[in-house]
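# Structural features, examined
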Amino acid sequence: MTDNTTRLDHIVLWVDDPIVAAGFYEKAVGLEPVRLTDYSVGEAPFPSVRVNEETILDLMPRAKAERMGMVPGAAESSGHPVNHVCLSLPADAFDTLRDRLEASSVPVSDVSRDSFGARGLAKRSFYFRDPDGNVFEARHYD
């Protein structure tokens, strides 16, 4: 990629078990694992899941929080200081995600309409949590 405009590269989520978390994001959310095998054999410090070609979610083991000296306050923030992360999807992928989450017995909120975001008002949105309590919003604008 040669376009160097500002964009979101990654978000680091604290998780209890990165392998379990990667399985959740792959099965229930439909995101592709990255470096999962490398993490499983001790060659990577954490795995990730791919949101799109330029954004990933890093699945950082909560046990590493105290060793993250380069990030002031990391150990204290290894709970849930982020309110939520929002995934913007096309309408058909939005419906597929909701169906996949429900099939995986993941509780989802009611659908909201016309909530404001980066691209204006989203037609529909809903919320869900991952197994570690991280909150996600899913929405679509089309």
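All values derive from a computational prediction rather than experimental measurement. (Residues numbered from 1 in each chain as written. Predicted model: local features only at pLDDT ≥ 70, side-chain atom pairs only at ≥ 80, totals over all residues. Heavy atoms only, no water.)

### Examining the packing of helix H1 (residues 18–29) against helix H3 (residues 91–103)
- Where H1 meets H3, the axes come as close as 8 Å, and the angle between the chain directions of the two elements is 120°. Between H1 and H3, the angle is such that the two are oblique. Facing H1, whose interface residues are Phe24, Lys27, Ala28 and Val29, H3 presents Leu97, Arg100 and Leu101.
- By residue class, the composition of the contact of H1 with H3 is five nonpolar, no polar and two charged. (Axes fitted to C-alpha atoms, helices over the stretch in contact; angles between N-to-C directions. Helix = DSSP H or I, 4+ residues; strand = E, 2+ residues; numbered from the N terminus. Parallel < 35°, antiparallel > 145°, perpendicular 65-115°, else oblique. Contact = heavy atoms within 4.5 Å. Nonpolar A, V, L, I, M, F, W, Y, C, P; charged D, E, K, R; others polar.)

### Thoughts on the sheet that holds strand S8 (residues 135–140)
- Pairing within the open sheet is mixed, and its four strands lie in the order S5-S8-S7-S6. A single partner strand is all that each edge strand has here, and the edge strands are strand S5 (85–88) and strand S6 (112–117). Adjacent strand axes in the sheet meet at a mean angle of 45° when their direction is disregarded.
- Inspection of the sheet shows S6 paired to strand S7 (residues 120–129) by five bridges, in the antiparallel sense. The residue bridging Ser115 from the neighbouring strand is Ala122, located in S7.
- Running over the sheet, H3 touches S7 and S8 and is turned about 15° from S7. (Pairing = 2+ DSSP bridges.)

### Looking at the pairing of strand S3 (residues 48–52)
- Alignment of strand S2 (residues 32–34) against S3, held across three bridges, turns out to be antiparallel. Along S3, the bridge assignment pairs Glu32 with Arg50.
- As defined by bridge partners, S3 adjoins strand S4 (residues 55–61) across four bridges and the pair is classed as antiparallel. Paired with Asn52 across the bridge in S4 is Thr55.
- Counted along the chain from S3 to the antiparallel partner S4, the turn is two residues long.

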